[in-house]
Amino acid sequence: MSTSSTGLILGIESSCDETAAAVVRRGTETLSNVVASQIATHSPYGGVVPELASREHLRNIVPVVREALREANVGFGDLDAVAVTNGPGLAGALLVGISYAKTLAYALGKPLIAVNHLEGHIHAVLLEQAQLATGSDVKPLPLPALALVVSGGHTHLYLVRRQGDTWTYRNVGHTVDDAAGEAFDKVAKLLGLGYPGGPWIDALAPHGDPYAVPFSFSQVKTKAHLKTHGGPANSVATFFSFSGIKTAALRYTQVHEMASGIERRRAGLAEEPSVIKALMLCDHQTLDLIASFQRAVVDDLRRKTFRAAAALGAASLLISGGVAANRELRVRFTAEAENHGVPIAFPKAALSTDNAAMIAAAAWPKFLACDLASPSLSAEPSLSLGRGSGQATNPL
Ligand code: KG4
Ligand code: ZN
């Protein structure tokens, strides 16, 4: 693109329940990263309510973009481009960000860049690595990298390569039912904990025995699944499945008659949503269940990810998405990576969950390649990333 550019991209993200805007220079330097969370709005419902999400995005988009520019100390005229998430996500939520970004780009006469949310999560790690590398001897991650994107909507594996400024992604694994983050959210909800469930389970799990409840993962029949989904029978594909463990946790609470404790906890946390209060309201059986659930999910993710990395000859691992903020996951993945001598990288917590810095960072190579969005850009709720073995979005 223009050689006189300042490299400033405004990123906008509104695919689910965070309204976010960020200014990133040349895909590597975050000048601002503003996120307006809708947790308080959706909390009483125990999950994201799409209509409320769209309404909140409408309310927040203008102040969030203004704040991102203010923090970055730049004006609209300084921007080189506007980048926006065009999918996957909630249709109404995506449309708010897209309509705003299109209008802004048109009014400013600047290019508009469409970014896949999943590509954004992968670039959150690359952005963090680039920032660490600046002025230090931290080396860029060797490629190809295997990226695990593990969030509320996705549990996907991609083989990531780079040719010049172009990044390519091959989908080499996905969940066949619930995403890992969805399982965290559903199990937390059924135990009377707050929303979103991941951070609650993360905080409570160290207080229980991770081996008390013997959860097991049934093996997904790879060939049968490939047939159903039309993939080549000899491809190296990884399948995750998290709906079974959610049902097993529910049955455990039924068999052990935990309903009254759950209701007490739900009511207590509605009044005072704190981890200390939750600990007071959890008996050892509940804490054991939480710890065992988290261990089982993390173990499954770890085992399958490292197996896929070895099979595909990945030179490094990138772990991103909201569940990548999980402390046990980070500890276990890091230990295993050290055992295998494979470099591994996670974004810091603020870049793990949804944000717009990752969108602006992912847009930079597209800007350089003049890969611009058309004026007819619209929301693609089921947008997939890369070619490969399966659909990229959770069918549920
Ligand atoms: O990436 P994200 O912010 O949004 C989606 O694209 O889905 O991920 C949100 C998901 C939720 O399911 C949330 O419970 C989970 O990430 N999450 C966590 C943690 N923090 C967020 N799961 C486990 N441990 C955490 N610390
Ligand atoms: Zn996300």
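Procedures and definitions
Residues numbered from 1 in each chain as written. Chains lettered and ligands numbered in written order. Predicted model: local features only at pLDDT ≥ 70, side-chain atom pairs only at ≥ 80, totals over all residues. Heavy atoms only, no water. Core = buried A, V, L, I, M, F, W, Y, C linked by side-chain atoms within 4.5 Å. Buried < 20%, exposed > 50% of the residue type's maximum accessible area, 1.4 Å probe, protein only. Helix = DSSP H or I, 4+ residues; strand = E, 2+ residues; numbered from the N terminus. Contact = heavy atoms within 4.5 Å. Pairing = 2+ DSSP bridges. Axes fitted to C-alpha atoms, helices over the stretch in contact; angles between N-to-C directions. Parallel < 35°, antiparallel > 145°, perpendicular 65-115°, else oblique. Nonpolar A, V, L, I, M, F, W, Y, C, P; charged D, E, K, R; others polar. Salt bridge = Lys/Arg side-chain N within 4 Å of Asp/Glu carboxyl O. Donors = N, O, S within 2.8 Å, 3.2 Å for Na, K, Ca; no water. Domains from an automatic or database assignment. Buried area = accessible area lost by both parts, 1.4 Å probe. Polar contact = N/O pair within 3.5 Å; in protein donor to acceptor, adjacent residues only side chain to side chain.

**Things to note about the nonpolar core**
And step 1. Counting 54 residues, the largest nonpolar core has L146, L193, F293, V297 and L301 as the members making the most contacts within it.
And step 2. If you tally residues by element for this core, the top one is helix α11 (residues 284-312), at 13 residues.
And step 3. Beyond its immediate sequence surroundings of up to four residues, L146 is in contact with L157, Y158, L159, V172, T305, A308, A309, L312, A314, S316, L317 and L318.

**Digging into the sheet that holds strand β4 (residues 81-87)**
And step 1. Strand order in the open sheet made by the five strands is β3-β2-β1-β4-β5, with mixed pairing throughout. At either end of the open sheet lies a strand with only one pairing partner, and these are β3 (29-37) and β5 (112-116). Mean inter-strand twist for the sheet, computed between neighbouring axes without regard to direction, equals 20°.
And step 2. One ladder, built from four bridges, connects strand β1 (residues 8-13) with β4; its direction is parallel. By the bridge assignment, I9 is partnered in β4 with A81.
And step 3. Those strands touched by helix α3 (residues 91-108) are β1, β4 and β5, and its axis lies near 155° from that of β4.

**Description of the packing of helix α5 (residues 180-190) against α11**
And step 1. Where α5 meets α11, the closest approach of the two axes is 11 Å, and the angle between their N-to-C directions is 175°. The angle between α5 and α11 falls in the class roughly antiparallel. For the pair α5 and α11, the contacting residues are A180, A183, F184 and V187 in the first and F293, Q294, V297 and L301 in the second.
And step 2. Within the contact of α5 with α11, the residues separate by chemical class into seven nonpolar, one polar and no charged.

**Some words on the pattern of salt bridges**
And step 1. By the definition in use, this model includes 17 salt bridges.
And step 2. For D300, the salt bridge is made with R303, and the minimal N-O distance between the two is 3.1 Å. One end of the pair is D300 and the other is R303, both in helix α11 and three residues apart, which spans about a single turn.
And step 3. One network of salt bridges, in which partners are shared, links R295, D299, R302, E328, R332 and E336.

**Observations concerning the environment of G27**
And step 1. Along the polypeptide, G27 turns up in the loop between β2 (18-25) and β3.
And step 2. Once the C-alpha coordinates of G27 and E338 are considered, the two residues, 311 residues apart in sequence, prove to be 28 Å apart.
And step 3. Those residues within four positions of G27 in sequence are excluded, and the remaining contacts are L127, A361 and W364.

**Topic: the coordination of the zinc ion (ligand 2)**
And step 1. At 2.0 to 2.1 Å from the zinc ion (ligand 2) lie its protein donor atoms, namely H117 (NE2), H121 (NE2) and D354 (OD).
And step 2. All donors to the zinc ion (ligand 2) come from one chain, and their sequence spacing reads H-x3-H-x232-D. With H121 in helix α4 (residues 117-133) and D354 in the loop between α13 (349-352) and α14 (357-368), this residue pair connects regions lying 233 residues apart in the sequence. Per residue, the accessibility class of H121 equals that of D354, and both read buried.

**Here we look at the domain arrangement of the protein**
And step 1. As assigned here, the protein comprises domain 1 (1-140 + 348-396) and domain 2 (172-342).
And step 2. Each of domain 1 and domain 2 was reduced to a C-alpha centroid, and the two centroids are 27 Å apart.
And step 3. When domain 1 packs against domain 2, close to 1,600 Å² is buried across both sides, 58% of that on carbon and sulfur atoms.
And step 4. Where domain 1 touches domain 2, the interface holds zero salt bridges.
And step 5. The interface formed by domain 1 and domain 2 includes four residue pairs in polar contact (both at pLDDT 80 or more).
And step 6. When residues of the side of domain 1 that touches domain 2 are traced back to their parent elements, those giving at least two are α1 (39-42), α4 and α13.
And step 7. In terms of residue count, α4 provides more of the side of domain 1 that touches domain 2 than any other element does, four residues in total.

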